[in-house]
Amino acid sequence: MEHIVIIGNGISGVTAARHIRKLSDKKITIISAETEYFFSRTALMYVYMGHMKFEHTQPYENWFWKKNRIELKKGFVKEVKDASKELVFASGETMNYDKLIIATGSKPNKFGWPGQDLEGVMGMYHKQDLENLEKYAPNNKACNRAVIVGGGLIGIELAEMLRSRDIPVTFLVREKSFWNGVLPAGESEMINRHIKEHHIDLRLGVNLQEIKSDESGKVKSIIIKETGEEIPCTVVGLTAGVSPNVDFLKDSNIELGRGVKVNRRLETNIPDIYAIGDCAEQHEAIGQRRPIEAVWYTGRMMGETLAQTLCGNPKDYNPGHWFNSAKFLDIEYQTYGWVWAQPKENEARFYWEHSDGKICIHINYDKNTNEFIGINTFGIRMRHHSFDAWLNEKRSVEYVLEHLADANFDPEFYKLHEKDIVAKFNQENNTNIQLKKRSWKRIFQFS
Amino acid sequence: MKTIQNLGLSIFLLGLAIFTILPFIGSYEISSEKLEEIVNNKGIKSELFIEDLKTTTVGKEFSDPFSFSSNITSAIANANVTHKEKSEWDKVIWDKPHSFSYQIAKDVGGGPVKENKGLFWFLTFGLGIIGALLYIIPGVVTLGPAGIKNNGIWFNAATNRGWIGWFAFVFLVGFYVLLYFFPDYIVNWTYVVDPFSESLSGNMASQWFLYGFLYCTVMTVMAIRMYIKYRHNKYQILRTTSVLFFQIVFAFLIPEILVRFEKPWYDFKNAFPLDYDFFFKWNLDDLIANGGFGLFILVWGIVLTVVIVPIMVYFFGKRWYCSWVCGCGGLAETLGDPYRQLSDKSLKSWQVERWLIHGVLVFAIAMTGITLYAYFTGADAVSGIKTQTIQDIYGFLIGSIFAGVIGTGFYPIFGNRVWCRFGCPLAAYLGIIQRFKSKFRITTNGGQCISCGNCSTYCEQGIDVRAYAQKGQNIVRSSCVGCGICSAVCPRGVLKLENGSDDGSTRYETPEVILGNDIDLFEMLEENK
Ligand SMILES: Cc1cc2nc3c(=O)[nH]c(=O)nc-3n(C[C@H](O)[C@H](O)[C@H](O)COP(=O)(O)OP(=O)(O)OC[C@H]3O[C@@H](n4cnc5c(N)ncnc54)[C@H](O)[C@@H]3O)c2cc1C
Ligand code: SF4
Ligand code: SF4
């Protein structure tokens, strides 16, 4: 029986295993150095915040693996010997494979800051980071201030986590406005305001100079590069992005870029070795996507695709239209299609913001053809299916606005804003778009 | 703000302590005239019983209800043993001993509580309400900007099955046991609400009036908590208002006012088979004896269950009843909200749930069938089983133990919908319709789920919502009461409760492209089911 070995029990590796099991009878082993059972990394924050217990982050009950004959092995793989199809563990053990799937995810970036390995400095990626945070920042007595370095999605989550225990937080963001490499100015400023509303000391446009230590090797303070200001703190969170967790492959024959290089079939340069999830790097970007995409659903899709390939139904990885979502403290964010921070040459923009300053949408469309390109939505939930269909059908911005009510996904009885939105568009563009009433028929027209 | 909250908590605990002490005080004395009056009113023929009470109880003052009641209940028991042995059936006292003793104690009880009903209402209910509100209302500020604020729920001993939870459990179970089985011990509690009862129905408060009053009070206070906690969520606000309205007006005020006009006590929204004694002989006789109005209730009760309930479930799902109208649901969604995360999500518990709840439904229907058969044929037993026995078993096991003691008492341990999930026969009936023929579903928003598990954790019905959401599959489950909390807590906007079209495929299935990957996901989803 063919033995498929998967390194990494994150969403990508586990999805691959589950689908291989559904499609075949192969022997499957999942290896992880992190935890015994699969858990949802995206939910780590909720454990620290007391919304959930760690066990709630595990999507499958513990009996699931045995029942589905998926073997779990805890251990750290330190070497892949592709010639003999063998893995070497840190413990010295070895394991043979027929096919190997590398799904080792990411690790937090560290940019060689002085003091980055002190006690009390941590990333927020693995379960061990959570345990560290619990150790160094159990409450605001043990931790009188935390400094977070790096203004991305994980940084703001970490800030929210610490604030849930009333720990004072200073948030260092290199950019002039929060996440403005991804978000256009309007949205970015809205989030700046919201961060401050949550009593987070947001510092924009600053970099970390160094982290200072006390006599015992623990964090004492940090220094800001631009101003030289010293901020006393006991915990430093490093959240300046992530990069593929592939160091253990450096000495193998597997081709690496920043991640493990793969083609659309998710194959590496070595036969029978594949890579999926955060650690996989496409030779060529797919559409406008980045070659490495460290998001949850792409890991899942790669896992599903690869399972098909390995079970005799070769498939290209084809992630479809870009979408994503996040939550900035209390403000939910969803995006469908592309809305760049800066409009491209052919693009026109439409921005609407509610007077309470917590709800907005931003639509991107083609100046010349009026084709809809993408939407950012904050504080309004929108229907994935609707936008996916409209992008497929290459609908115009007028069409999208006319049918915007179909796409609303807020809970029932919420105040609807489509009328205001369309009115503002009409006013700005001298158009006369009439909002159509929501139609179940259109909404559920699945093809 | 913290100080106000702590002050509130202290006041609340003081009120609770006084409430707890009340059953232990007071004076109970029965005079020989009083005894004679009771004997005459009740038509008691047992001289043994009368003699017994005369020697042990009459003319003596008791300073707590326990020894007083125990004299009465043992007098009943002793007398009955002898009468039954001698087959003196007309002398046997058929009343439930503790109900009998309740009536006497309520009548002859005295002491500070009875003399100062208003004061003691304030010291118990009043302090409880004021304290709770002082604790709850500062949440507007302390919770921070509006949004989902479940911080610390799993660290708090009250909400993580910690010692406070166990303490609340013991307290609630104790309360229900007293309420259902020992009303004679809690006459003091009923005194404090007498003024309300008298102004509504003209009668002194029974233990059920006390329960109804307490129920409405608790729901109102905890509804205010809901309004604050979910102030950004209109669905939650409207739903809370709706359950509160139906509880206060339909379950509490209207029935009491009906009694004032000498009509039968009836809760117009309480549908059979939740209202399991609707077809019992005494109720049918009572309704029929009441002429036109009684008949109207009879017809309404049948139409409610047979026509209105299923049609509404078809259009809106069972939520229209379970989390917008029902009293049990109302308490679960207000008092029970802090405990929703404690419901068991395992596959095992789902299996247990399906057996239990459908078992109760079968039991309820069988019991009603036998009851009606007996009613129309005049037999008092069907193939050797006495209808009375079945009704008593059902009333005890399901009506009291399951719905009350376990259903609410176990909130702090098993979550707030134990009864609704495992026991309610009406929920089972609604669920079957919801599962197979309804427009209601929880739509999953394509590929947006990040499997975080908030939805499953906070589903009071123990549904593993995430298991569906992460596959891009809609949630169509018989047990979903449509509370909307899974949708509220989802950080990625993945879930929407909606009444769409009911054609099978759109309700259950997901379009293949939606997950982004154009491999044949459609087929996979089919296999996944
Ligand atoms: C705090 C946080 C919040 C996030 N929120 C979101 C979000 O909201 N939405 C979103 O789309 N994405 C989010 N992400 C990103 C998302 O979690 C990742 O994209 C996803 O988990 C990647 O899955 P994966 O299977 O590729 O790898 P991982 O989940 O990283 O799993 C890899 C596993 O392999 C193990 N491993 C690595 N090397 C070895 C080795 N040599 N031997 C043995 N085991 C090894 C690791 O320990 C790890 O357990 C978040 C990430 C974090 C950290
Ligand atoms: S699935 Fe959602 S709406 Fe239904 S009962 Fe559970 S939490 Fe409530
Ligand atoms: S809460 Fe939302 S994102 Fe989290 S598992 Fe449930 S549906 Fe998915």
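An unreviewed UniProt entry lists chain B under the name 4Fe-4S binding protein, from Kordia aestuariivivens.

Taking an unreviewed UniProt entry as the reference, chain A is identified by name as NAD(P)/FAD-dependent oxidoreductase belonging to Kordia aestuariivivens. Recorded in UniProt under Sequence similarities (unreviewed entry), the annotation for chain A is "Belongs to the FAD-dependent oxidoreductase family." Recorded in UniProt under Cofactor (unreviewed entry), the annotation for chain A is "FAD".

Residues and elements named next belong to chain B. In terms of domains, chain B is made up of domain 1 (27–110), domain 2 (147–438) and domain 3 (440–527). Centre-to-centre separation of domain 2 and domain 3, based on C-alpha positions: 29 Å. The interface of domain 2 with domain 3 comprises 35 residues on the first partner and 28 residues on the second. Where domain 2 abuts domain 3, roughly 2,700 Å² becomes buried across the two surfaces, and 46% of that area is made up of carbon and sulfur atoms. Per-residue buried area on domain 2 facing domain 3 is highest for Arg319, Arg340 and Lys345; these three make up 22% of the total on that side. One salt bridge connects Arg417 with Glu460, and the closest N-O pair in it is separated by 3.3 Å. The interface formed by domain 2 and domain 3 holds 20 residue pairs in polar contact (both at pLDDT 80 or more) in total. Counting residues per element, the side of domain 2 that touches domain 3 draws most heavily on helix H21 (residues 425–436), at four residues. Residues belonging to the side of domain 2 that touches domain 3 are distributed by class as follows: twelve nonpolar, eleven polar and twelve charged.

For the rest of this paragraph, the subject is the packing of helix H1 (residues 2–21) of chain B against helix H7 (residues 117–136) of chain B. The relative placement of two packed helices is expressed as an angle between their axes plus a distance between the axes. Residue and element names in this part refer to chain B. At their nearest, the axes of H1 and H7 sit 7 Å apart, and the two run at 160° to each other. When the axis of H1 is compared with that of H7, the two are roughly antiparallel. Here H1 runs over H7; the crossing is left-handed. Taken together, the residues of H7 that come into contact with H1 (itself represented by Ile4, Gln5, Leu7, Gly8, Leu9, Ile11, Phe12, Leu14, Gly15, Ile18 and Phe19) are Leu123, Thr124, Phe125, Leu127, Gly128, Gly131, Ala132, Leu134 and Tyr135. Considering only residue class, the contact of H1 with H7 consists of 14 nonpolar, six polar and no charged.

Attention shifts here to the sheet that holds strand E3 (residues 109–110) of chain B. Residue and element names in this part refer to chain B. One open sheet holds the three strands; their spatial order is E2-E1-E3, and the pairing between them is antiparallel. Edge positions in the sheet fall to strand E2 (61–62) and E3, since each of these pairs with one other strand and no more. Pairing between strand E1 (residues 27–29) and E3: two bridges, direction antiparallel. Paired with Tyr28 across the strands is Gly109, a residue of E3.

A few words on the domain arrangement of chain A. Residues and elements named next belong to chain A. For chain A, the assigned domains are domain 1 (3–107 + 243–310), domain 2 (121–240) and domain 3 (323–446). Just the C-alpha atoms count here: the centres of domain 1 and domain 2 sit 30 Å apart. Contact residues are listed per partner, giving 15 residues for domain 1 and 16 residues for domain 2. Summed over both partners, the interface of domain 1 with domain 2 buries about 1,400 Å², with 65% contributed by carbon and sulfur atoms.

What follows deals with the confidence of the model for chain B. On average, residues of chain B score 92 in pLDDT, and 95% of them reach the 70 mark or higher. This prediction of the complex comes with two scores: 0.95 for pTM and 0.96 for ipTM.

Residues and elements named next belong to chain A. One pass over the structure, following the stated rule, counts 46 salt bridges over all chains. Residue Arg203 is joined to Glu229 by a salt bridge in which the shortest nitrogen-to-oxygen separation is 2.8 Å. Here Arg203 is found in strand E12 (residues 201–204), whereas its partner Glu229 is found in the loop between strand E14 (219–224) and strand E15 (230–232), with 26 residues between them in sequence. Note on Arg203: relative accessible area 21%, which makes it partly exposed.

Around ligand 1, a shell composed of 33 residues is seen, among which Ser12(A), Glu34(A), Tyr125(A), Asp278(A) and Arg492(B) lie nearest. Residues near ligand 1 are shared among chains A and B, making this a multi-chain site. For ligand 1, the accessible surface in isolation is 1,000 Å², of which the surrounding protein chains cover 95%. Here the residues of the shell around ligand 1 sort into 14 nonpolar, 14 polar and five charged. There are two domains that each give the shell around ligand 1 at least three residues, and those are domain 1 (3–107 + 243–310) and domain 2 (121–240) of chain A.

This part covers unusual backbone geometry. A cis amide bond links Phe272(B) with the next residue in sequence, Pro273(B), at an omega value of 5°. Mapping Pro273(B) onto the fold places it in the loop between helix H12 (234–260) and helix H13 (281–289). Unusually for a residue other than glycine, Trp179(A) sits at a positive phi of about 50°. With respect to the helices and strands, the residue Trp179(A) is situated in the loop between strand E11 (169–173) and helix H6 (185–197). Looking at Trp179(A), the relative accessible area reads 16%, which means it is buried. You will see that Leu329(A), though not glycine, has its phi angle at about 55°, which is positive. Within the element layout of this structure, Leu329(A) appears in the loop between strand E21 (323–328) and strand E22 (331–337).

All names here are of chain A. Here we have three strands laid out as an open sheet, ordered E13-E14-E15, and antiparallel in their pairing. Strand pairing shows two members of the sheet lacking a second neighbour, strand E13 (208–213) and E15, which therefore form its edges. Going across the sheet, the axis of each strand differs from the next one's by a mean of 25°, ignoring polarity.

With 67 residues of chain B in contact, the opposing surface of chain A contributes 67 residues. Across the chain B/chain A interface, buried area totals approximately 5,400 Å², and carbon plus sulfur atoms make up 50% of it. It is Gln448(B), Arg492(B) and Lys496(B) that lose the most area in chain B upon contact with chain A, and together they represent 11% of the buried surface on that side. Our count for the contact surface shared by chain B and chain A stands at four salt bridges. Taken together, the connections running from chain B to chain A amount to 29 residue pairs in polar contact (both at pLDDT 80 or more). The set of elements that each furnish at least two residues to the side of chain B that touches chain A consists of H12, strand E6 (440–444), helix H22 (454–458), helix H24 (485–489), strand E7 (495–499) and helix H26 (521–528) of chain B. If one sorts the elements of the side of chain B that touches chain A by residue count, E7(B) sits on top with five residues.

Parameters at a glance
- Residues numbered from 1 in each chain as written.
- Chains lettered and ligands numbered in written order.
- Predicted model: local features only at pLDDT ≥ 70, side-chain atom pairs only at ≥ 80, totals over all residues.
- Heavy atoms only, no water.
- UniProt positions renumbered as here; feature names shortened; annotations may be inferred.
- Domains from an automatic or database assignment.
- Contact = heavy atoms within 4.5 Å.
- Buried area = accessible area lost by both parts, 1.4 Å probe.
- Salt bridge = Lys/Arg side-chain N within 4 Å of Asp/Glu carboxyl O.
- Polar contact = N/O pair within 3.5 Å; in protein donor to acceptor, adjacent residues only side chain to side chain.
- Helix = DSSP H or I, 4+ residues; strand = E, 2+ residues; numbered from the N terminus.
- Nonpolar A, V, L, I, M, F, W, Y, C, P; charged D, E, K, R; others polar.
- Axes fitted to C-alpha atoms, helices over the stretch in contact; angles between N-to-C directions.
- Parallel < 35°, antiparallel > 145°, perpendicular 65-115°, else oblique.
- Left-handed = near helix turned anticlockwise from the far one by under 90°.
- Pairing = 2+ DSSP bridges.
- pLDDT = per-residue confidence, 0-100.
- Buried < 20%, exposed > 50% of the residue type's maximum accessible area, 1.4 Å probe, protein only.
- Near = heavy atom within 4 Å.
- Areas by Shrake-Rupley, 256 points an atom, 1.4 Å probe, with all protein chains shown as cover.

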